Amino acid sequence: MAQLPSIRWGILTTGKIASWYVADLVLSRPDARARHIVQAIGTSDVNRGKALAQKYYPHETPAIYGSYEEVYNDPNVDIVYISTPHAFHKKNYLDAITAGKHVLYEKPFTLNAREAREVFIAEAM
């Protein structure tokens, strides 16, 4: 049987929704088409990042960063999950794509149509 491709995730923040996402992400699935790895966690409280990793990903050791920029700049992160408050989604999204990362974010991804257009324009570049 061929080995599954791996997707290495960077997780922004350690709140409730991010915790739910990580818990679902690392579930074992018999029909999985990829292996999901929590590669890095970005948080303003490194201890909360360590607690999230230990609770939901105890057999691995993701990098725990005290800033989001460190997640964006980690060459081992393929995609960033953005779980910050909505007011920061646009900035986090633009920072991640500027760093060359793929992005998955909670909805809404911007606060208004103007910000959404800015994101679409930046992504098209």
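Being a predicted model, the structure only gives us computed values, none of them experimental.

Chemist: What is the right way to look at helix H5 (residues 113-124) in this model?
Modeler: Working note: α-helix, 3.6 residues per turn, so residues spaced by three or four point in the same direction. Relative to the 16 Å expected for twelve residues at 1.5 Å per residue, H5 spans 16 Å between its end C-alpha atoms, a close match to the ideal helical length. Inspection of H5 places Glu-115, Ala-116 and Val-119 among the buried residues, and these make up the whole buried set. Buried residues of H5, seen end-on, are gathered within an arc of 100° and therefore sit on one face of the element. For H5, exposure combined with an orientation more than 90 degrees from the buried face picks out Arg-117, Phe-120, Ile-121 and Ala-124. Where the residues of H5 are buried, they touch helix H4 (89-98).

Chemist: Just to check I follow, could you spell out unusual backbone geometry for this structure?
Modeler: Negative phi is the rule for most residues except glycine; trans is the rule for most peptide bonds. If you check the backbone angles, Thr-13 has positive phi at about 85° while not being a glycine. Assignment of secondary structure puts Thr-13 in the loop between strand S1 (6-12) and helix H1 (16-25).

Chemist: Looking at this model, I keep getting lost on the pairing of S1. Mind explaining?
Modeler: Consecutive residues of a regular strand have side chains that alternate between opposite faces of the sheet. Note: S1 against strand S2 (residues 35-42), seven bridges, orientation parallel. Note that in S2 the partner of Gly-10 across the bridge is Ala-40. Pairing analysis gives four bridges linking S1 to strand S4 (residues 79-82), with the strands arranged parallel. Among the inter-strand pairings, Trp-9 is bridged to a residue of S4, identified as Ile-79.

What counts as what
Residues numbered from 1 in each chain as written. Predicted model: local features only at pLDDT ≥ 70, side-chain atom pairs only at ≥ 80, totals over all residues. Heavy atoms only, no water. Helix = DSSP H or I, 4+ residues; strand = E, 2+ residues; numbered from the N terminus. Expected span 1.5 Å × (residues − 1). Buried < 20%, exposed > 50% of the residue type's maximum accessible area, 1.4 Å probe, protein only. Arc of directions from axis to C-beta. Contact = heavy atoms within 4.5 Å. Pairing = 2+ DSSP bridges.

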